[in-house]
Amino acid sequence: MKDVKLSIFRQDPETEKEGRFVEYTIPYVEGMVVLDAVRYVEEKIDTTLAVRWNCKAAHCGSCSAEINDKPSLMCKTRIETLGDRIKVGPMKAYPLIKDLVTDVGSNWKSVRRVPAFKPKEGLKDPWRMQQVDIERSKEFKRCIECFLCQDVCHVMREHYEETDYFGPRHMVRAASLDMHPLDDLSRSRFLNEEAGIGYCNITKCCQETCPEHIPITDDAIIPEKERAVDITYDPIARLIIGRKSK
Ligand code: SF4
Ligand code: F3S
Ligand code: FES
């Protein structure tokens, strides 16, 4: 493979209503990832190309995009896995700022609305936790806030305005707080009544897309849905959990 043909979405919101894909030809270097190719275009061909990235190590979650229409991290996707014709576009679930850069600011509003960590009363310093109690919520801490799970979710992509669903990333965060061994709240009622968890129909696309392989649906969304049902319909659980729930 000598050259790579790369079609990149370009749009200047001030001058163009609709964007378009522009094809660039760049020299292939062994081991190259999509972000290398996009940065080659930015540095050597057209410096006005807007692209967001930071770590180039799949840790910061900045370089999320749609590569051949699949939500992916540009720094984690090798060119040789894609063939020699590659399409790179912005995430579609978020408003476009320019080219490959989208406005993911709505996530910070959702983060602020999820009830924060509330330690159990009477905890003495230092707080102690058993390793076995930490395991469950530990997997959620791997989240790098790339928002690819939000981008792939059909509820977020197609029905965001009507549903007000917070999206899978925020279900992961709420579950990580709910399963924290020293937290004293249940957020299931909040997720059911305000964060729209009922709109998730368990397609598991978010789980399959997550670059950190977090079992989003199996370990966060389904348990939270089950608790929400308990609080709503089970009178005993309602007495026990409902008192503390938000
Ligand atoms: Fe990204 Fe996975 Fe976190 Fe979603 S849960 S924001 S896909 S790391
Ligand atoms: Fe969306 Fe994941 Fe549910 S993709 S519908 S949040 S299982
Ligand atoms: Fe940080 Fe890709 S540049 S995750």
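Nothing here was measured: the structure is a model prediction, and the numbers come from that model. (Residues numbered from 1 in each chain as written. Chains lettered and ligands numbered in written order. Predicted model: local features only at pLDDT ≥ 70, side-chain atom pairs only at ≥ 80, totals over all residues. Heavy atoms only, no water.)

Asks: Would you mind showing me how to read the overall build of the protein here?
Replies: Of regular secondary structure, the protein possesses 10 helices and seven strands. With respect to the three principal axes, the spread of C-alpha positions in the protein is 65 × 40 × 30 Å. The 246 residues of the protein split such that 47% are buried. Here the protein carries 39 positive and 41 negative side-chain charges, and the mean point of each set is 4 Å from the other. (Helix = DSSP H or I, 4+ residues; strand = E, 2+ residues; numbered from the N terminus. Buried < 20%, exposed > 50% of the residue type's maximum accessible area, 1.4 Å probe, protein only. Lys, Arg positive; Asp, Glu negative; His and termini not counted. Charge placed at Lys NZ, Arg CZ, Asp CG, Glu CD.)

Asks: Hey, could you run me through the pairing of strand S3 (residues 64-67) in this one?
Replies: Consecutive residues of a regular strand have side chains that alternate between opposite faces of the sheet. Burial along S3 is two-sided: the face carrying Ser64 and Glu66 and the face carrying Ala65 and Ile67 are both buried. Looking at chain direction, S3 and strand S4 (residues 70-73) are connected through four bridges and run antiparallel. Looking at the pairing, Ala65 lines up with Ser72 of S4. (Pairing = 2+ DSSP bridges.)

Asks: So what exactly am I meant to see when it comes to the packing of aromatic side chains here?
Replies: How two aromatic rings sit relative to each other is given by the distance of their centres and the angle of their planes. Taken as a whole, this structure holds five aromatic pairs when the rule is applied. Ring geometry for Phe117 and Trp127: centres 6.1 Å apart, planes at 50°, overall tilted. Taken as a pair, Phe117 in the loop between helix H2 (106-113) and helix H3 (131-138) and Trp127 in the loop between H2 and H3 lie far apart in primary sequence, 10 residues in all. One aromatic cluster is present, formed by Tyr94, Trp108 and Phe147 through successive ring pairs. Lying across the ring of Phe21, Lys87 places its NZ or CZ 5.2 Å from the centre. (Phe/Tyr/Trp six-rings, centres within 6.5 Å; stacked < 30°, edge-to-face > 60°. Lys NZ or Arg CZ within 6 Å of the ring centre and 35° of its normal.)

Asks: Help me understand unusual backbone geometry, please; the structure alone is not making it clear to me.
Replies: Excluding glycine, residues mostly have negative phi values, and the peptide bonds linking residues are mostly trans. Omega for the bond connecting Asp125 with Pro126 falls within 30 degrees of zero, at -10°, which places this linkage in the cis form. Tracing the chain through its elements places Pro126 in the loop between H2 and H3. The phi dihedral of Asn68 falls on the positive side, at around 50°, and the residue is not glycine. Here Asn68 is to be found in the loop between S3 and S4.

Asks: What is the right way to read the sheet that holds S3 from this model?
Replies: For sheets, the rule is that strands pair by backbone hydrogen bonds, running either parallel or antiparallel. The strand order S2-S1-S5-S3-S4 describes an open sheet built from five strands, whose pairing is mixed. Single-partner strands in this sheet number two, and they are strand S2 (20-27) and S4. Adjacent strand axes in the sheet meet at a mean angle of 35°, parallel and antiparallel pairs treated alike. Relative to the sheet, helix H1 (residues 34-45) contacts strand S1 (3-10), S2, S3 and strand S5 (85-89), its axis offset from that of S2 by approximately 95°. (Axes fitted to C-alpha atoms, helices over the stretch in contact; angles between N-to-C directions. Contact = heavy atoms within 4.5 Å.)

Asks: Even after reading the chapter, I still don't get H2, so can you show me in this structure?
Replies: All of the buried residues along H2 are Asn107, Ser110 and Val111. One face of H2 carries all of its buried residues, which in axial projection span an arc of 105°. In H2, the exposed residues that point more than 90 degrees away from the buried face are Lys109 and Arg112. (Arc of directions from axis to C-beta.)

Asks: I keep staring at the confidence of the model for the protein and nothing clicks. Help me out?
Replies: The predicted coordinates of low-pLDDT regions are not to be read in fine detail. With 93% of its residues at a pLDDT of at least 70, the protein reaches an overall mean of 92. Quick note on the complex model: pTM equals 0.92, ipTM equals 0.99. (pLDDT = per-residue confidence, 0-100.)

Asks: Quick question: what am I supposed to make of the site of ligand 1 here?
Replies: Lining the immediate surroundings of ligand 1 are Cys143, Ile144, Glu145, Cys146, Phe147, Cys149, Cys210, Pro211, Ile214 and Ile216. With respect to the pocket detection grid, ligand 1 is positioned in the largest cavity. Residue composition of the shell around ligand 1, by class: nine nonpolar, no polar and one charged. (Near = heavy atom within 4 Å. 1 Å grid on protein atoms, 1.4 Å probe; cavity = no way out; pocket = protein on both sides within 12 Å on 5 of 7 lines; lining within 4 Å. Sits in = over half its atoms within 2 Å of the grid points. Nonpolar A, V, L, I, M, F, W, Y, C, P; charged D, E, K, R; others polar.)

Asks: What am I meant to see in the site of ligand 2 here?
Replies: Around ligand 2, a shell composed of 13 residues is seen, among which Cys153, Tyr165, Cys200, Lys204 and Cys206 lie nearest. Those elements that provide at least two residues to the shell around ligand 2 are helix H8 (205-209) and helix H9 (216-233). Classifying every residue of the shell around ligand 2 by side-chain character gives eight nonpolar, four polar and one charged.

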